[in-house]
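# Overview (structure and organization)
Here is what each chain is made of, one letter per residue.
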Amino acid sequence: MEQFSDIGRVEAVRQLFKGTPFQTSDHTAFAPSKGERVESVGRLFLEGTDFDLVYFPLKHLGYKCVTAIAGELYALLASPRTLQITLGVSSKLDFRHISELWSGITSAASEHGFKALSLDLVPSRNGLAISISASGSSKITAPKAQSKDLLCVSGNLGGAYFGQRVLQRGKAAFEKDGKEPDLTQYRMMVASYLKPEINPAVVAQLEDADIIPTAGCLVTRGLADAVKRLSQATGLGAKIYADKIPFEAGSFDLGKELNVDPVSAACGGGEDYRLLFAVPIIKAEQFRRDFQTFDIIGHLALPDVGTVLVTPEGVELPLRAHGWPDEDR
């Protein structure tokens, strides 16, 4: 088992970059072209808080972290350019483990078109930590958001939360009786949590179709949180219709097993990594035709409406964004 103390930080970084499409670099700044603006985003992932290495494959984890940061750029209508990563490595992880993590990182970085990567390795006393930031460029100027702009989401919601719950339940059962859980029935939900995917071409496709969202964000901590962020960014209210929210197949059956309402899982759960865009209503028919992977789930509204969930009976409930499912709702 090759330890970092045996090869040193500099040599470890060199070996990790070897065989990848990227070159070792301490600097990943870029000069935007004329008319471009630069967008920057960042996030920290912590073991025990954001992931559990008991059931999270390291390659999937690396892929997921880069997917998350790329999605933040797409929500800003920006194309990925540079990626900066610092890994806090605990003593229980050797070079082989970090190589697996790095293979997922570089795979996703290539898929999403990042041009330059930097990597630093530091010791950690509290488990694996992944600090990741990225920059992108965009020439797109979003029009001003208006009441009645459609709220459109790029895929099913709540599946990642249910996938995580299934994995946690399997871990508890394994620790109790040593029996490996059978996750076949829930593989789509587990995949939604472990390896979410985002279409790398989505910004270019929107631009080519001349459909420019008036606002956007990535659903990372539940739909309610994302809608509230859009509302804050636009200064408008928003209505989400419960019967328009898309779910993974089997969500209602699993919800009964876990005593969790799928609507609550979608609104309060997290890590679905779906794009939520506000699209001008005059583009509604074209958007429905050209972007069939998206679902229209609501619309922006006047500011005094607030942010509400409309039930199938027409009752408007204030959206609550705790950052996790409200199972008692």
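Whatever comes next refers back to the structure up there.
Keep in mind the model is a prediction, meaning the values are calculated, not measured. (Residues numbered from 1 in each chain as written. Predicted model: local features only at pLDDT ≥ 70, side-chain atom pairs only at ≥ 80, totals over all residues. Heavy atoms only, no water.)

On to the sheet that holds strand β1 (residues 37–46), then. Two orientations exist for strands paired in a sheet by backbone hydrogen bonds: parallel and antiparallel. Strand order in this open sheet of four strands is β1-β4-β2-β3, and the pairing throughout is mixed. Edge positions in the sheet fall to β1 and β3 (116–123), since each has one partner strand and no second. Direction aside, the axes of adjacent strands within the sheet are offset by 15° on average. (Pairing = 2+ DSSP bridges. Helix = DSSP H or I, 4+ residues; strand = E, 2+ residues; numbered from the N terminus. Axes fitted to C-alpha atoms, helices over the stretch in contact; angles between N-to-C directions.)

Here G270 shows up in the loop between α10 (262–268) and β8 (274–279). Between the C-alpha atoms of G270 and A224, which are 46 residues apart in sequence, the distance is 9.9 Å. Residues contacting G270, with those up to four places away along its chain left out, are A160, Y161, T220, R221 and G222. (Contact = heavy atoms within 4.5 Å.)

At a closest axis distance of 7 Å, the pairing of helix α5 (residues 159–177) and helix α6 (residues 187–194) adopts a crossing angle of 100°. For the element pair α5 / α6, the angle class is roughly perpendicular. Contacts from G159, A160, F162, G163, Q164, V166 and L167 in α5 reach M189, V190, S192, Y193 and L194 in α6. (Parallel < 35°, antiparallel > 145°, perpendicular 65-115°, else oblique.)

This part takes up the side chain of S192. Assignment of secondary structure puts S192 in helix α6. Setting aside residues up to four positions removed in sequence, S192 forms contacts with G159, A160, E248, E271 and R274.

The next point concerns the packing of aromatic side chains. Considering all chains together, one arrives at eight aromatic pairs under this definition. Taken together, a centroid distance of 5.3 Å and an interplanar angle of 80° make the contact between F247 and F252 edge-to-face. Since its relative accessible area comes to 46%, F252 is described here as partly exposed. In this structure an aromatic cluster arises from ring pairing among F277, F287, F291 and F294. Over the ring of Y193 we find K64, and its NZ or CZ is 3.9 Å from the ring centre. The lysine or arginine in question, K195, covers the ring of Y63, its NZ or CZ lying 3.9 Å from the ring centre. (Phe/Tyr/Trp six-rings, centres within 6.5 Å; stacked < 30°, edge-to-face > 60°. Buried < 20%, exposed > 50% of the residue type's maximum accessible area, 1.4 Å probe, protein only. Lys NZ or Arg CZ within 6 Å of the ring centre and 35° of its normal.)

With respect to the helices and strands, T234 occurs in helix α8 (residues 223–234). Engagement of the side chain of T234 in a polar contact is seen with the backbone nitrogen of L236, the distance being 3.3 Å. Residue contacts for T234: discarding those within four places in its chain leaves A145, A215 and L300. (Polar contact = N/O pair within 3.5 Å; in protein donor to acceptor, adjacent residues only side chain to side chain.)

This part takes up the sheet that holds strand β11 (residues 316–318). Read across the open sheet, the seven strands follow the order β6-β8-β5-β9-β7-β10-β11; overall the sheet is mixed. In this open sheet, the two strands that pair with only one neighbour each are β6 (215–219) and β11. Recorded for the sheet is a direction-independent mean angle of 25° between the axes of neighbouring strands. By the bridge criterion, three bridges tie strand β10 (residues 307–310) to β11 in an arrangement that is antiparallel. For V308, the partnering residue across the bridge sits in β11 and is P318. Along the sheet, helix α3 (residues 58–75) makes contact with β6 and β8, crossing β6 at roughly 165°.

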